[in-house]
Amino acid sequence: YTFNSGNLQDLGAIGNGNFGTVYKMLHRETQKLIAVKRIRCNNIDQREQIRLLREHDTIVRSEKGPNIVKFYGAIFSEGDCWICMELMDVSMDLLYRRVYEVKHGRLNENVVGHITVCTVDALDYLKKELKIIHRDVKPSNILVDGHGAVKLCDFGICGKLEDSVVKTHDAGCQPYLAPERITSLDKYDVRSDVWSLGITLYELATGKFPYKQWNSLFDQIAAVANGDPPILRPDSGEFSYSRPLVKFINTCLTKDRKHRPKYDQLKTFDFYKQ
Ligand code: ADP
Ligand code: MG
């Protein structure tokens, strides 16, 4: 099937990110509803666009992967890049805030466990099969549907495009960044994603972001790079947490990257296995 701006009918915005807006659209040929992320990229030159489009092949293969949002294609139109992907029902940031803040409930550990397994499997698959490191693991990039499917999005071409945009714009705030991402320019390693996963799971399990509100980048550097890592306690706040969950999250949040586990090791933890 072809995807171009002419055969897509806009049904309204779903949400905004640092780089653009995601819309629900109808693909007329198939009558299928899809999600389209429009990234503002008037600053990306044609050569760069072509290079990015070539890399599609890699991502298209990801259709076979487990727990990964299907990618349908990308179009450059009206100075934007439109990324066409599978439409899901809701992202985990919206869902957890609704559960904790509106319904005054919590996500039980089985739900957190299911999300953990799906996300770790997706990240491991990306790395092993597609040689992709996600680099933007956070609740809003974990999407779910009403059948309980949990899928990761915004890797590959999305990430690459956003990187190209970052070069020309302000990167915006990146609260899930691992300490070593703030202080050093080392090669990116999956373990920086493991840190972001730890922050994400902490948030899903407790309903709260583990750091106090930062008012500036300086605050973030002080807290993440110079401070102690967040620790989840078995009975912090209003809820209590099982030992396997506490151990899993706290180990992801090991400050020194050298001692932080990779996916194979995470898969041996009781919380993952249970
Ligand atoms: P961010 O991930 O930083 O929130 P994005 O631009 O990637 O910013 O996405 C904006 C919002 O659109 C997300 O928070 C999510 O709620 C929603 N969204 C993104 N992709 C999809 C999709 N494939 N299906 C359903 N909703 C999506
Ligand atoms: Mg996103």
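Residues numbered from 1 in each chain as written. Chains lettered and ligands numbered in written order. Predicted model: local features only at pLDDT ≥ 70, side-chain atom pairs only at ≥ 80, totals over all residues.

1. Here we look at unusual backbone geometry
- Unusually for a residue other than glycine, Gln-31 sits at a positive phi of about 60 degrees.
- Structurally, the position occupied by Gln-31 is in the loop between β2 (20-27) and β3 (32-40).
- Overall, the presence of 7 C-beta atoms within 10 Å leaves Gln-31 in the exposed class.
- A positive phi angle, near 65 degrees, is found at Asp-154, a position not held by glycine.
- As for its placement among the helices and strands, Asp-154 is situated in the loop between β8 (150-152) and α5 (157-168).
- Overall, the presence of 24 C-beta atoms within 10 Å leaves Asp-154 in the buried class. (Helix = DSSP H or I, 4+ residues; strand = E, 2+ residues; numbered from the N terminus. Buried ≥ 20, exposed ≤ 12 C-beta atoms within 10 Å, placed from the backbone.)

2. Side note on the sheet that holds strand β7 (residues 142-144)
- The strand order β6-β7-β8 describes an open sheet built from three strands, whose pairing is antiparallel. The two strands at the open ends of the sheet, each matched to only one other strand, are β6 (90-91) and β8.
- Contacting β7 and β8, helix α4 (residues 109-130) runs over the sheet at an angle of about 35 degrees to β8. (Pairing = 2+ DSSP bridges. Contact = placed C-beta atoms within 7 Å. Axes fitted to C-alpha atoms, helices over the stretch in contact; angles between N-to-C directions.)

3. A look at the UniProt feature "binding site: ATP" (unreviewed entry) in the chain
- Residues given the UniProt feature "binding site: ATP" (unreviewed entry) here are Lys-37.
- Structurally, Lys-37 is set in strand β3.
- Judged by local crowding, Lys-37 falls into the buried class, with 24 C-beta atoms found within 10 Å. (UniProt positions renumbered as here; feature names shortened; annotations may be inferred.)

4. A short note on the confidence of the model for the chain
- On average, residues of the chain score 88 in pLDDT, and 87% of them reach the 70 mark or higher.
- Across the predicted assembly, pTM comes out at 0.92 and ipTM at 0.99. (pLDDT = per-residue confidence, 0-100.)

5. With respect to the sheet that holds strand β5 (residues 80-86)
- Taken in spatial order, the five strands make up an open sheet running β1-β2-β3-β5-β4, and their pairing is antiparallel. Two strands in the sheet have a free side with no partner beyond their single neighbour: β1 (8-16) and β4 (71-77). In this sheet, neighbouring strand axes are inclined to one another by 25 degrees on average, regardless of whether the strands run parallel or antiparallel.
- In this sheet, β5 lies alongside β3 in antiparallel orientation, the contact comprising seven bridges. Within the sheet, the bridge partner assigned to Lys-37 lies in β5 and is Ile-83.

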